Structure formats: structure tokens, C-alpha cells
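If you want the building blocks of each chain, they are given just below.
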Amino acid sequence: MCLLQAQRQAQMKQLSALISVLLLIALLTGAAYAQEPVSDDEVNAIAKHLYCPVCENTPLDVCPTQACKDWRELIRQQLSQGWTEDQIMDYFVANYGIRVLAQPPARGFTALVWILPVAGLVGGGLFLWRLLRRWQDRRPPAESVAAGEGAAPPDIEPEVLARIEQEVESRF
Amino acid sequence: MINDLGFITLVLSVLASLYAICAALRGRHDLASPWLSSARRAVVAAFLLMTLSTAAVVYGLVAGDFQVNYVYQTSSRSMSTLLKVTALWGGQEGSILFWTWLMSAFTAAVMVRKWSSDRPLMPWVIVVSVGTLLFFQGVSLFIANPFTRLWFLGQDVVHSVWQPAGTFPAVPRDGQGLNPLLRHPGMVGHPPTLYLGFVGFVIPYAFAMAALITGRAADDTWIRTTRRWTLIAWLFLSIGLILGGRWAYDVLGWGGYWGWDPVENASFMPWLTGTAFLHSAMIQEKRGMLKVWNMILIILTYSLILFGTFITRSGVISSVHSFARSAIGPAFFAFISVTFLASLFLLFERLGTLKSEHQMDSLLSREAIFLLQNLLFLGITFATFWGTIFPMISELVTGEKITVGPPFYNKVNGPLFAVLVLTMGVAPLFAWRKQSAARLGRALWLPFVIAVAIALGLLLTGIRNPAALFGYWLVAFVGLTTLWEFGRGVRARMRHGEGPVLALARLVGRNRRRYGGYVVHLGVVMIALGVVGTNFFQQETQGMLRPGESLHLGRYTMTYESLRQYTLEGGDRQVTEAQVSLYRDGEFLRKLHPNKDFFLSSGQPLSIPAVLSRPGEDVYVLLVGWEEVGPSGSTFKIYLNPLVNWIWLGGLTLMAGTLLAAWPGRQQAASWTTARRPAMGAAASE
């Protein structure tokens, strides 16, 4: 665990350094275009949809690590240069892989994550439906008549029926 | 010394468990056999020995026996005694030992409570439940041993329980201390309740397997006899989940309470199948149907409990490559596979004994809607399971790590939950066997209309999001139909001359199981209300302020006043605390003190929000950062969480309802004996 953390920290330091360089370049080239300052809320609105590329399951807008702070600065920089949200997302995917997306894209192998639950539900529903039909078909005709008779005769007051039902249930 | 004792009692406890299984198998054909009584005593002995063993670890943690590796890792001198005790479940080895101890307590309790009433099942209940216990004991003994000590071998430190030749004791001056994130009241209660829930579900599973093996699964004794165990397990699992949510809300500092994190999912999945089981067990009790299905549900619940422990304990979530780094992953994986396949095989073998006593009479009946509800629970479980393991599968297949985050679960599970809540509202109005559509319509039209009126009212106040409007409509409709059930019963009693209060008290008192269930439903409706509020209407803003400057969010204004720094816990905990004033519509409400702590020993930061809780919403203020030097400015983040308090309130209601339904009482005890008379007669004749 310790080893893992140390590795991760080292990894983050490298990333951090890399980002600093990128930031510097961005600053130098982008200074000319920089307009009015980008607010934290605008940065967070985009960071919210990205996941920290080093920590597990942590959205970028709330991640407290230094690396993530640098990434948020990077987003601020990109926004001030007029990048759109899609461009920024693409940039992060291109540099850190699709794991920065909160949900996998619905194409290629990762489409499976979407398809299977739906398929499972539809399959389960069909299975249930067929099961219900089979149970109903299997019921002998005599019993079905009895069941029909067992259903509420229309002239009993619903309140009374409810009370009977309740009493019957409370005895089981 | 005490540590040695702990280790020895653990070994003895393992031997007692082994003996109990062998003796139970030896005496399985003759229920009066002394072997069986001996097995029973061995189970109780295993529990007592585990208690001593666990106590030894707690003693080490409190006394600060830092030569013991586990104590060194999770305890430290500056921690309070309460925290030192909770360090028992603050790390891998302790957690597993604690799990094992609870498991031994539950098996011993079964031996005491159910010995005479369910003797025919006992040999196999012992084998299955103690088998599970033995697995955990084995993990504790061989893989995650909490009694391992540190020894110097020249320059190196080696881990061993006993002193290896040529070494001398390595006694650190202080321990590393508990992970700061775990130093919170929510974490004091969260793991034990969760584990109690986990362990509790092993008992109905053991009875189910025993019923299958002995061919007694057709009579529903196992369902009846474990009903209350199941409810209690479910209650603890629910409390554990809610406490976990509260802990996340108070400590993790991201303004939310549930993030569909794999670890959260791991404890949520057995809750889902367990809830499905609770419900469909009712069909079996009342109608003698779904016997196979209930077996599948309890097997799934058991396997998911092991799976949950597996993925939280093996580290397999962060990377599949950590799977083989410790023997814990492979051991769990093997155990889960073996028990799951063996259970299914057994079920398949005994399918013939599980004939349904009744058929489905109508698609418009409580049985049918229970089936639909089962499908939904399973659908949600499957989607959650798939979303949880998919990153691992992806890493294995394509080598690329991916994230499956909240948007996935919201999209897939959100609609399923909505339909599930809807069935929860209408199912109680469906009669068993057959329901006339006209009568159902008569019962439902008024709540439906009122709920629509509420949704329209909200539309007029400016809420435009259709999903949110539907959510509010749903909550109103289901809440009203559930209350309507109470109203119907009270009205019927009042017609016999009882006053409304007495009528309600008697109604609930005479049928606590049913109305306790409805109270739980009301709790779920409250939680749903909180979820709709926070999911659709959470607001946030962030900004850097100099003292005197303000942030605005909704009707609230927050003014930054000052920042101070101090240390706690012997200098280990550096606290940076801001003071801010909160106003609503310009009116002063309160001063708040969000702070950010840094733990020197673990190098870990901890953001502690300051929360102003109002009936309608929480204002949740976080100190994000500050300038160390220069013109001082601090960054704050504010969340507005509407209706979030309904979640905690709903949680309390849910607990109250479950207790109401599960509390032992005279009336229920009486109906118990009648219900079980045939089984007991069989036991007596043997």
C-alpha cells in the first residue's frame, strides 16, 4: 500500500512537472489572447465531468491533490484561450486516456457496459413474462373457475372486504 | 504476553470450529446423538475463544503495544481511547478478525436460540455457518494475521508472530495512527453495523442450505424460522449504508453522500438482493410459491456479501494487478466460486423437492407485482455489479483502465429505482391471488390526482426539469398511497367506536409486521425525496475571497472574516480554520468554521465542511485552500443541498419501522408455534 502510494506520488510529481511546463508554454503563447479572468465556477463546471487521472473515482473538481489543482489551472488557461468544453475534454482524453471520462463512451468494447444491463433487464422481463404465462396455462381449468369465484363478489362493500382481508392476513 | 494469548486463542478457536464441523457431520443422522450436542458446545467455545482473541487485539491497540504490526499501523499515542478501540476495524487484519468474531457470535446465538426448535436442520446449519466462519478464521490466521510482530534481523525488519532465531524485538516509539478519514463518529458505527448486516445474512443462508440438504426445503420452516434474523440483518445493513452516507457527507468534502464508488456498491448489492429476498419470502410464507427463486436470492445475497468483502479487502478495485499481491484476493475468489457453484449445484439437485403449492391466478395480483419488483431489484443489482467490475474487465481485456462513474448509474439505475418506488407504493393495494382493476382504481385515483396537483404546483413555481417533476410526483403519489393504507385501517376501526389515536395504535399494534413494513416504506419515500432534491437541485459556487469579501449562492451570502491556524493531538494535526458569516436575504444567520486539517504522521489532508442545516436545505461550506504568503486570500466552495435532511430522517424512519416489525412479541410468538407445529412434531418423533 505504502509502495503504491509512493509510486503514485512519484507519478503525480512527474505529471505535475509536465503540466507546469505545459502551463508555461500555454502562458507564453496564450498571454496575448487572454481576456477576462475565468471564474472557479466555470472551471468546476468542466472539471466536474472529468475524473482525476491518478486517484480512483474522484471527480477533478473536488480532488484535493496538487496534480489536480494543476489540471484545474490548465482548464482555466484553456478556457481563457477560448477553448470549448468539448475541446478540453478531447484534450484530456487524448493525453490521459478514456479513464478521465465519468462514463465510458458507448462504442467499441466499452459499449458492453451499457448493453449488458439493458439486455439483462429485457431478457429477465421476457423470462418473467413467459414464466407467468406458463403458470397461468398450467393451471387446471377447475381451479381457474374456483379462482374466479374466489375473487371479490361485487356486492360486498370494499371496506368490509378490506377488513376481512386484514383479519385473515393478521392470522397468518 | 497478551498478544501471544490472542494468537493462541485464535488457533484454539480454529480447532474448535474444525471439531464442530466434524462432530456435526458425524452426528448428522441421529438428532439425539451426543456428537451433535458436542458440536453445539464447540460452536459456543469457538465464539468464546474468538472473543478472547479479539479482546487481545483491542488490548494491544489501547495499551499501545507497537511491536505488533497491526497496532503500529492503526494506533498511536495521541488517539483517544475510543478511537483506539475503533482502530480494530481501521485496517485489513483487524477488520477481518472483527468480521470473524461477529460471525462466531451469530453462529453461537443460533445454537442457543434455535437448538430445540429447529433440530433437524442443525447439523447442516452448523456445517454451513461454521464453514464460513472457518474460512474467515483461516484468512485471519494465515493471510491477514493481526498478531504479527516486528523483529530486527540485522538491518531488516521481519514480520513474525514468534521471535525468529537471531532477531531482537523492534518496538517503534509510536504508531502511525488511524487513517484520519476514519476518525469520525460515522466511521465508529459504519463498519460494525455493516458487518453485522453481512454476518447476519449468513444465518438464513445456512438454514436455506440445511433445508436443501435435508430435503426439508419444501415446508417453509427455514423461511419462517429465519424471518427475524433476516430482518435484523437487513436492518443493520441499512443502518450501515446510511451511516456510510452520512460519513461521506461529513468527511469527504464533496458535498454529496453517495458516489457509486465500488466500495459503496459492494455493500449496496447484498442490500438489494436481501431486500428482494425479504419481500419474496413473504410470497413463500403466504402462498407457498417462488421456493426456487428464494433459494437463488439468498444464495446471491450470501455470495455478494463475500464478494463485497473481497473487493474491499483485496484492493482489486484500484488495479487488477494488486489481485495477486496478497493471498487474500485469490483466497476469497476461490471461496466465493466454490460456495456459489456448490450452492447452485445443490439447488439444482433438489429442484424436485421445491414444488410450488399454488399457481399464479392473475397478472393483476400481489404475487405478480412482487415478481416485477424482484425483476427490478435484480436488474439494479446486475447493473451495479456490472458497472463495478467493468473497469477490471476492461483492464484485463484491453489493458486500458476506465471509469464507470455516477452518470452511468444514474442513467441505468435511476429509471429502475423510479419504477421500483412506484411498485412499492401500489403493491400493498394489490390483493393476493387476484385484484379487480376497478377496486384498484377506486383506491388509487385520489392519491394520483393529489400528486399530479402537487407536481403542477411545482411546475408553476418554476421547476421545469421533467425528470425532477416526475420524481416529486412519484414521491407524493407513493407517500400518499402508503398513508392511505393507514387511513383505511384506522377508518375501519373507528367505525367500531374507537378514537383515531387508539384506532391507529391498535391497528399498528395488532399487525406490527404489516404496518412496520409500511413505516419502512414511508422511510424509503423520504429518502427518495432527499435524493430527488439533491440530485436535481444541488447548487454550488466557488471563489477566492479576501477578508471582508463575499460569495453569493441562491438566497445566501457568505462573508469571509478571518483565518487561524493551530495544532491538535500533540502537534500531529495542523488545523487551518476559517471564520465566515452566513446571511440569508441579508439577514445574519450564524458564524461557521470550515476547516482543513493536515496530519503530519500520515501526510494526509482532511477537509471538514461547516454545515448549516435548515429544514429545507443544507448550506455546506468548504475551505478549499488559502495563500500561505502575500496578500491573504482563501478559496471557499459552497454547496446548497436541498432536502438532504430527508435522507437522514428517512433512515431513522426506516429503522423505526423495521424494529416495529421485528420486535419479538407475545402475539407473534403464539402464531409462530402454530405455524411450526408440524415441523416440531417431526423433530420430536425422531
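Residues numbered from 1 in each chain as written. Chains lettered and ligands numbered in written order. Predicted model: local features only at pLDDT ≥ 70, side-chain atom pairs only at ≥ 80, totals over all residues. Heavy atoms only, no water.

Brief notes about the overall build of chain B
When helices and strands are counted, chain B shows 20 helices and 13 strands. Taking 26 Å as the expected radius of gyration for a compact globule of 686 residues, we find that chain B reaches 28 Å, a close match to that expectation. The dimensions of chain B, computed from C-alpha atoms along their principal axes, are 85 × 80 × 55 Å. Residue burial in chain B is summarised as follows: out of 686 residues, 58% are buried. Surface summary for chain B: the accessible area is close to 27100 Å², and the carbon and sulfur share equals 66%. (Helix = DSSP H or I, 4+ residues; strand = E, 2+ residues; numbered from the N terminus. Rg over C-alpha atoms; globule rule 2.2 N^0.38 Å. Buried < 20%, exposed > 50% of the residue type's maximum accessible area, 1.4 Å probe, protein only. Areas by Shrake-Rupley, 256 points an atom, 1.4 Å probe, with all protein chains shown as cover.)

Section: the sheet that holds strand 1 (residues 149-153) of chain B
All names here are of chain B. Overall, antiparallel pairing links the three strands, which are arranged 2-1-3 in an open sheet. At either margin of the open sheet sits one strand with a lone partner, and together these are strand 2 (156-160) and strand 3 (168-169). Both strand 1 and strand 2 contribute to a ladder of five bridges, which runs antiparallel. Its bridge partner lying in strand 2, W151 is registered against V158. (Pairing = 2+ DSSP bridges.)

Considerations on the nonpolar core
Side chains of a nonpolar character, in soluble globular proteins, are inclined to be buried together. Core analysis: the largest hydrophobic core is formed by 159 residues, its most contacted members being A:W71, A:I75, A:F92, B:I126 and B:W222. Ranked by the residues each element gives to this core, the list is headed by helix 7 (residues 185-213) of chain B, at 17 residues. Core analysis: the next-biggest nonpolar cluster, separate from the first, contains 40 residues, A:L131, B:A418, B:L429 and B:A528 among them. (Core = buried A, V, L, I, M, F, W, Y, C linked by side-chain atoms within 4.5 Å.)

Structural notes on the interface of chain A and chain B
Where the parts come together, the accessible area they lose is often given as the size of the interface. The interface is formed by 47 residues belonging to chain A together with 65 residues belonging to chain B. Where chain A abuts chain B, roughly 5100 Å² becomes buried across the two surfaces, and 60% of that area is made up of carbon and sulfur atoms. Measuring nitrogen to oxygen at the nearest pair gives 2.6 Å for the salt bridge that ties A:K48 to B:E540. In this assembly, chain A and chain B are joined by ten residue pairs in polar contact (both at pLDDT 80 or more). Within the residue set of the side of chain A that touches chain B, elements represented by two or more residues are helix 2 (40-47), helix 5 (112-138), helix 6 (141-150) and helix 7 (158-170) of chain A. (Contact = heavy atoms within 4.5 Å. Buried area = accessible area lost by both parts, 1.4 Å probe. Salt bridge = Lys/Arg side-chain N within 4 Å of Asp/Glu carboxyl O. Polar contact = N/O pair within 3.5 Å; in protein donor to acceptor, adjacent residues only side chain to side chain.)

Some details on the state of the cysteines
All names here are of chain A. According to the stated counting rule, one finds zero disulfides over all chains in the structure shown. This cysteine, C63, is not joined by any disulfide, and C68 carries the nearest cysteine sulfur, 3.0 Å off. Of the residues examined, C63 reaches a relative accessible area of 2% and is grouped as buried. (Disulfide = S-S within 2.5 Å.)

Some points on helix 15 (residues 437-460) of chain B
Residues and elements named next belong to chain B. The end-to-end C-alpha separation of helix 15 is 33 Å, in line with the 34 Å expected for 24 residues at 1.5 Å each. For helix 15, the principal kink sits at L444 and spans about 40 degrees; a proline, P447, occurs within the next four residues. Among the residues of helix 15, R439, L440, A443, L444, P447, A451 and A455 are the ones counted as buried. One or two positions beyond helix 15, positive phi appears at G462, with a value near 110 degrees. (Expected span 1.5 Å × (residues − 1). Bend = angle between axes of the 7 residues up to and from the residue.)

Re the sheet that holds strand 12 (residues 617-626) of chain B
Residue and element names in this part refer to chain B. The antiparallel open sheet is built from four strands, whose spatial order is 4-13-12-11. The open sheet terminates on both sides in strands that have one partner only, identified here as strand 4 (539-545) and strand 11 (610-613). Across the sheet, the mean angle separating the axes of adjacent strands is 15 degrees when strand polarity is ignored. Direction of pairing for strand 11 relative to strand 12: antiparallel, over a ladder of four bridges. In the sheet register, S613 faces strand 12, and the bridge partner there is D618. Each of strand 4 and strand 13 (634-642) is contacted by helix 18 (residues 512-537), which is oriented at about 135 degrees to strand 13, the strand it contacts most. (Axes fitted to C-alpha atoms, helices over the stretch in contact; angles between N-to-C directions.)

As for the pattern of salt bridges
Counted by the stated rule, this structure contains 20 salt bridges over all chains. Among the salt bridges present, the one from B:E367 reaches B:R287, with a minimum N-O distance of 2.6 Å. Here B:E367, found in helix 13 (residues 366-397), pairs with B:R287, found in helix 10 (residues 262-287); they are 80 residues apart in sequence, far enough to count as distant. B:R287 shares its class with B:E367; the two are buried. Here B:K637 and B:E540 are joined by a salt bridge, their closest N and O atoms 3.8 Å apart. Of this pair, B:K637 sits in strand 13 while B:E540 sits in strand 4; the two residues are 97 residues apart in sequence, bridging distant segments of the chain. Counted as one network, the salt bridges with shared partners bring together A:K48, A:D61, B:E540 and B:K637.

Concerning the packing of aromatic side chains
The relation between two aromatic rings is expressed through the spacing of the ring centres and the mutual angle of the planes. The tally for this structure, following the rule as stated, stands at 47 aromatic pairs over all chains. Ring geometry for B:Y205 versus B:Y302: centroids 3.6 Å apart, planes at 5 degrees, classification stacked. With B:Y205 in helix 7 and B:Y302 in helix 11 (residues 291-314), this pair connects stretches of sequence that are 97 residues apart. The same class applies to B:Y205 as to B:Y302, namely buried. An aromatic cluster of three or more residues is present, and its members are A:W114, B:W234, B:W258, B:W260, B:F268, B:W271, B:F408, B:Y409 and B:F417. (Phe/Tyr/Trp six-rings, centres within 6.5 Å; stacked < 30°, edge-to-face > 60°.)

Here we look at the environment of B:L344
All names here are of chain B. Inspection of the secondary structure assignment puts L344 in helix 12 (residues 328-349). Given the relative accessible area of 33%, L344 is considered partly exposed. Measuring from C-alpha to C-alpha, the distance between L344 and I299 comes to 7.9 Å, with 45 residues separating the pair along the chain.

Comments concerning a nonpolar patch on the surface
Residue and element names in this part refer to chain B. Together, W445, L446, F448, V449, I450 and I454 give the surface a local cluster of nonpolar side chains, amounting to about 540 Å² of exposed area. Of note, I450 is situated in helix 15. Residue classification places I450 among the partly exposed positions, given a relative accessible area of 36%. (Patch = residues over 30% accessible without salt bridge, like charges linked within 9 Å, V, L, I, M, F, W, Y side chains within 5 Å.)

Considering the packing of helix 2 (residues 34-63) of chain B against helix 6 (residues 122-143) of chain B
Residue and element names in this part refer to chain B. The interhelical angle for the contact between helix 2 and helix 6, taken along N-to-C directions, is 30 degrees, at an axis separation of 11 Å. The angle between the axes of helix 2 and helix 6 places the two elements in the roughly parallel class. Seen from above, helix 2 lies across helix 6 with left-handed handedness. Mapping the contact onto sequence places L36, A39, R40, V43 and M50 in helix 2 and P123, I126, V130 and Q137 in helix 6. (Parallel < 35°, antiparallel > 145°, perpendicular 65-115°, else oblique. Left-handed = near helix turned anticlockwise from the far one by under 90°.)

What to know about helix 3 (residues 66-80) of chain A
All names here are of chain A. The terminal C-alpha atoms of helix 3, which comprises 15 residues, lie 21 Å apart, in line with the 21 Å expected from a rise of 1.5 Å per residue. Judged by how many residues are buried, helix 3 sits mostly within the fold: eleven of 15 residues are covered. Inspection of helix 3 places A67, C68, D70, W71, R72, L74, I75, Q77, Q78, L79 and S80 among the buried residues, and these make up the whole buried set. Within two residues after helix 3, G82 carries a phi angle of roughly 90 degrees, on the positive side.

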